[in-house]
Amino acid sequence: MPLIKPRLAGTASAPLQPLIRQAEDIILGKQHAIREAIACLLARGHLLIEDLPGVGKTTLAQLLARLFGLQFQRVQFTSDLLPADIIGATIYDRDTGGFHFHPGPVFAQLVLADEVNRATPKTQSALLEAMEERQVTVEGETRALPEPFFVVATQNPGSQIGTFPLPESQLDRFLMRIQLGYPDRAAEHELLRGVDRRELLQKLRPAMDHETLLDLQRQAAGVHVADAVVEYVQALMEYTRSSEHFHTGLSPRAGLALLRAARAWALLEGRDAVLPEDVQAVFVSVACHRLHAEGGVPGQHEPRLARLVLDNVPVP
Amino acid sequence: MSTGPIRQLLPHRVLFALMLSLAAVTLPHALHLPPWLTAILVVTAAWRYLAGSRGWRLPNRWLLLFLTLLGAAGVVLHHGTFIGRDAGVAMLCLMLGLKLLEMRTRRDTVVVIYLGYFLVVTQFLYSQNLLMAGWLLLTVWALTALLITVNRSTTPTGWFPHAGQAAALMTQALPLMLVLFVLFPRIPGPLWGMPEDEARGVTGLSDSMTMGNISELSQSDAVAFRVEFASEPPPPAQRYWRGPVLRQYDGRTWRQGEPDHTAPPSAERLGGDMDYSITLEPHNRTWIFALDLPVQISIPVSVNTGYALERSNAVRERIRYNVRSVLDYRLEPELGDRDPAIYLQVPEGSHPRTRALISGWQSEAADQDALITRALAHFREQPFEYTLRPPLLRGDTVDEFLFESRRGFCEHFAGSFAVMMRLAGIPARVVTGYQGGEINPVGDYMIVRQSDAHAWVELWREGNGWQRVDPTAWVSPERIDLGLGSAVPARDNPPTLSRRTPSLSRTLALQWDALNAYWDRWVLAYGPGMQQQLMERLGLGDWRRMITVLALLMLLTLGALALIILRRRPQRPEDPVQRAWIRFCRRMAAIGLPRRPEEGPRDYARRLIRERPDLAADVEALSRLYLHLRYSGRGSPNQVRALAAHVARFRPGRKAAGQASPET
């Protein structure tokens, strides 16, 4: 089948292709989710993975850290976790006789916040603030977080006892929310037969250095967005605002996020201009957690409805 | 289906305003709805309101179905049918009540509001008066404001949001309303022509007279007709409005008698011309009332033997006509070949005491004139009383009245006087109609009410023809000069408006009547006849022509609107790249591969190549160029031209050579 490779393809994404292939070897049957996660990283956004335990949320986060050679920290969120446990604290050092700041796990390039909805809102907001500002302020002193800085938070579907679901305004801090879902039959067969994934991860060698990643992030931000694409995004947003399916439509910030993600996706596809298809590819993950369906349990119908939006808005 | 507590669809205030508006719409209907249905409406509205404000549960689908069937059965049992005005409106009200119980989404609310509008329309099947029209206008305003509120996604503030916008919308609808009012074809007679509905609640003179039936009518303040005089109205003593003339007498009841098919009686004009127009309220009979004695009239009528005017069909809607009457006339001076016997007929053996009285007088009196004067003097000399509440007469009514009770209303005096005259050998008949009328200073017209209903006597005199004699005037001159309210004792409790004592409520009532008269004249009187006149004046008399013109007008209006809309959104995009692409898509659609609206251009190209590998080269080149030009922001004019040229020479065949088309 002849594939269309628009001439706009540059060489920028060349280092990405083997990386994607390696990732797909480890997490089987989840090509789209992997690509979305990488696009999220390229777009300098943060990622929320919402799914049942055991479908590979943590593996995906570790995999990203490995592949991009990022310094990895994992924080298991519990109800007694305190903000200082994440950000760090100033501790008295008897030897030097002074106070020293001991940075918390947030001072890493890739932070995995496992089961973020188990912690209290106060702790959650400490992390979310750090995500937004890319810096933390402890006792009046502002400390920048490392670059690149990427948070992957995982969350079990909200209807569990003893959790604090992220408020709607906080969900907005995540560029994308993806779901992994069960692997299909063939992929699962291979998974069960094959080698332990953790061992594979250990063997994995970084495919990229920080400089390349930062460069790719800069390039992603520079991908061209034509007026036609902006019009399409606007049409999508207008539809969510006027549709009776949604309680609230997409905000302008959501529109910006959508374009940011679409740029990264286009780069991943090897293009330096966004096509409507790129917007469509990331739309569900970007828009879903920012929409509230009219009636029903929150989070239940949104993915289906987001696809409905795509089906109903003509590409200009 | 959710049966649980409903999510708050509308803010409390809007819900409350909706319930209030619907109550206002159904309130006038409550007058004729079965009481149990009104109760259902109250209960369902309360239920829905509490569901909205307190989170009560709404009934589930099966309960609703059950309630619907039960209610429909109730309506059928109550009215005996589904069809007809009353049963139809009852069903509509029932549906509104039940729809409230399944009002869960915005769409349901909109349906409820539409039902409200429909109920507003049905109200006009019952009443078209000014007060009701004003009330319904208010409810339409409220409903429109609610419709806007419900359709807005923003949370409304205040009790009555968007009222101003609703008013603006209604003002904008005004020209259309006027056009429809003038041009929409009028149908003669009530639209809802169910026989059971027609005669209901209409008062008026009947075709016969027994002692007691006019005094019953006189209890009503209702307007019989209104009169506008071209000049000074006649004095009260001349205000005799002629109605049915009764000549057949069976000893108790006066009737018209069989019509004889002779030429109408001759009338000689002696002077005192009077021009005026009458707006007659529907009375469900064929009578057309006019001042004694009409000589010209603007509508087709027939004149019967008694010189009463009749229309061919009953007066079921308000009509207006112009009349010329002469106050001084000579009616039928020669009876010709008409048999005078019927005017002398009194059943054998009836009224023995009256016969004896008349025989006594006959021996005393010199001639018939003296006898008439004697009889009238009898009414004045004996203690006769004019009253609205005459005692019930059971035996020989005339004898009982003349010799025992002596208390009666106009029909007692007219009836017994006519009997006396007949027994004395003078041809006599009873004329019923109205006597009097009150000038409304506000609109400068005369109101004649049902309470002005009257009966008098006409005597035929050789050479002078039929002459009016009103025995009531001899008993109670006030009745003629001042009207009913002044003539009967206050304990009779005459209708309020017939008392001519000035008071604030009376003044207000007169002003209100004047307003109603304008409304009747300028709005309601515009019936089929007036429409026909107007259309003829506009050259649209023929209804086919009218429909053609209407259709043309509609076409022109819609066409103009369409042009405006199309101009605002040009179909051809300005961008040459997009134009070429749309052309390409059209070519592909022509061979059965249209682009789905939501499909991106690259996905579309991929699909095309998958389905038609034979076109791959062209499609790939075209789509690549298009994607580059449209999305990369780096296109050159040369590339644009190349794209347009490529599309222009691209002619895909319907089927690839040697390959079945993919969709079969």
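The written sequence of each chain sets the order in which its residues are numbered from 1. Working convention: letters from A go to chains and numbers from 1 go to ligands, in the order in which they are written. Thresholds applied to this predicted model are a pLDDT of at least 70 for local features of residues and 80 or more for the giving and counting of side-chain atom pairs; totals over whole chains, interfaces and linings are not thresholded and use all residues. Only heavy atoms go into the side-chain values, all of them from the structure, while hydrogens and water stay out.

Student: Provide a residue-level description of the overall build of chain B, including the pertinent values.
Tutor: To qualify as a helix, a DSSP run of H or I must reach at least 4 residues; to qualify as a strand, a run of E must reach at least 2; elements of each kind are numbered from the N terminus. Helices and strands together make up the secondary structure of chain B, namely 23 helices and 18 strands. Working definition: with a 1.4 Å probe on protein chains only, accessible area under 20% of the residue-type maximum means buried, over 50% means exposed, and in between means partly exposed. Residue burial in chain B is summarised as follows: out of 664 residues, 46% are buried. Residues count as neighbours in contact if any of their non-hydrogen atoms are within 4.5 Å of one another. Considering only contacts within chain B whose residues lie at least 6 apart along the sequence, 72% involve residues at least 24 apart. Only the protein chains shown count as covering a residue, and every accessible area follows the Shrake-Rupley method with a 1.4 Å probe. Carbon and sulfur atoms form 60% of the exposed surface of chain B, whose accessible area is close to 33,100 Å².

Student: For the packing of aromatic side chains, give the residues involved together with the corresponding values.
Tutor: Residue and element names in this part refer to chain B. In this analysis, rings of Phe, Tyr and Trp, with Trp reduced to its six-membered ring, are considered paired at centre separations within 6.5 Å, and the interplanar angle assigns stacked below 30 degrees, edge-to-face beyond 60, and tilted for intermediate values. Applying the stated rule across the entire model yields 26 aromatic pairs over all chains. Look at Y343 and W466: their rings are 4.7 Å apart centre to centre, the planes differ by 70°, and that puts the pair in the edge-to-face class. Placement of the pair is Y343 in the loop between β11 (319-331) and α10 (352-364) and W466 in strand β18 (residues 465-469), with a sequence separation of 123 residues. With respect to burial, Y343 and W466 carry one shared label: buried. Think of it as a cone above the ring: NZ of Lys or CZ of Arg counts as a charge over the ring if it is within 6 Å of the ring centre and within 35 degrees of the ring normal. Above the ring of F384, the side-chain terminus of R406 is found at 5.9 Å from the ring centroid. Just above the ring of W466 sits the side chain of R429; from NZ or CZ to the centre is 3.8 Å.

Student: So what about the sheet that holds strand β1 (residues 47-50) of chain A? Which residues, and what values?
Tutor: Residue and element names in this part refer to chain A. One open sheet accounts for five strands, arranged β2-β5-β8-β1-β9; its pairing is parallel. Of all strands in the sheet, those bounded by a partner on one side alone are β2 (72-76) and β9 (176-178). Across the sheet, the mean angle separating the axes of adjacent strands is 20° when strand polarity is ignored. Relative to β9, β1 runs parallel, the two sharing three bridges. Across the sheet, I49 pairs through a bridge with I178, a residue of β9. Against the sheet, helix α2 (residues 31-42) touches β1, β8 (150-155) and β9, its axis set at about 160° to β9. Here, a strand pair is defined by DSSP locating no fewer than two bridges between the strands. Only C-alpha atoms enter the line fits that serve as axes; for helices the fit covers just the stretch in contact. Angles between N-to-C directions range over 0 to 180 degrees.

Student: Describe the nonpolar core, and please don't skip the residues or the numbers.
Tutor: With 105 residues, the main nonpolar core has I38, L42, F68 and M176 of chain A together with F584 of chain B as its most contacted residues. Per element, the largest residue contribution to this core is 11 residues, and it comes from helix α11 (residues 252-268) of chain A. Excluding its chain neighbours within four sequence positions, the residues that come into contact with M176 of chain A are E36, A39, C40, H46, L47, L48, A261, V282, S285, V286 and H289 of chain A. Grouped together as the second largest cluster of nonpolar side chains are 75 residues, L205, Y321, L357 and L393 of chain B included. Buried Ala, Val, Leu, Ile, Met, Phe, Trp, Tyr and Cys residues that are joined via side-chain atoms within 4.5 Å together make up what is termed a nonpolar core.

Student: Let's hear about the interface of chain B and chain A: which residues, and what values?
Tutor: Taken together, the contact between chain B and chain A spans 26 residues of the former and 30 residues of the latter. By definition, the buried area sums, over both parts, the 1.4 Å-probe accessible area that each loses when the two are put together. At the boundary of chain B with chain A, total buried surface from both sides reaches about 2,400 Å², with 56% on carbon and sulfur atoms. Considering only the side of chain B, the residues that lose the most area to chain A are E598, R602 and Y631 of chain B, jointly responsible for 29% of the buried surface there. Salt bridges are defined by distance alone: a side-chain nitrogen of Lys or Arg within 4 Å of a carboxyl oxygen of Asp or Glu. Linking chain B to chain A there are two salt bridges. Definition of a polar contact: a pair of N or O atoms within 3.5 Å, with one able to donate and the other able to accept a hydrogen when the atoms are protein atoms, and with sequence-neighbouring residues admitted only if both atoms are side-chain atoms. Applying the counting criterion to the chain B and chain A interface returns eight residue pairs in polar contact (both at pLDDT 80 or more). If you list the elements that add at least two residues to the side of chain B that touches chain A, you get α21 (601-611) and α22 (616-632) of chain B. No other element matches the nine residues that α22 of chain B contributes to the side of chain B that touches chain A. When residue character is reported, Ala, Val, Leu, Ile, Met, Phe, Trp, Tyr, Cys and Pro are called nonpolar, Asp, Glu, Lys and Arg charged, and the others, Gly included, polar. Tallied by class, the residues present in the side of chain B that touches chain A amount to seven nonpolar, seven polar and 12 charged.

Student: I'd like to hear about the sheet that holds strand β9 (residues 302-303) of chain B, residue by residue, with values.
Tutor: By way of backbone hydrogen bonds, the strands of a sheet pair with one another, either parallel or antiparallel. Taken together, three strands build an open sheet; the order of strands is β6-β10-β9 (chain B) and the sheet is antiparallel. This sheet does not close on itself; its edge strands, each paired only once, are β6 (287-288) and β9 of chain B.

Student: How would you sum up a nonpolar patch on the surface? Please name residues and give values.
Tutor: Residues enter patches when they are more than 30% accessible in relative terms and free of salt bridges; like-charged ones are connected within 9 Å and nonpolar ones (Val, Leu, Ile, Met, Phe, Trp, Tyr) within 5 Å. The grouping of L27, W135, L138, W141 and F160 of chain B at the surface amounts to a nonpolar patch, some 470 Å² of accessible area in total. Relative to the elements of secondary structure, W135 of chain B occurs in helix α6 (residues 130-151).

Student: Any chance you could break down the pattern of salt bridges for me, citing the residues and the numbers?
Tutor: Scanning all chains against the criterion turns up 39 salt bridges over all chains. A salt bridge links D108 of chain B to K99 of chain B; the shortest N-O distance between them is 3.2 Å. When its relative accessible area of 10% is taken as the criterion, D108 of chain B is described as buried. Among the ionic contacts, a cluster of salt bridges with common partners joins R35, E269, R271 and D278 of chain A together with R602 and D603 of chain B.

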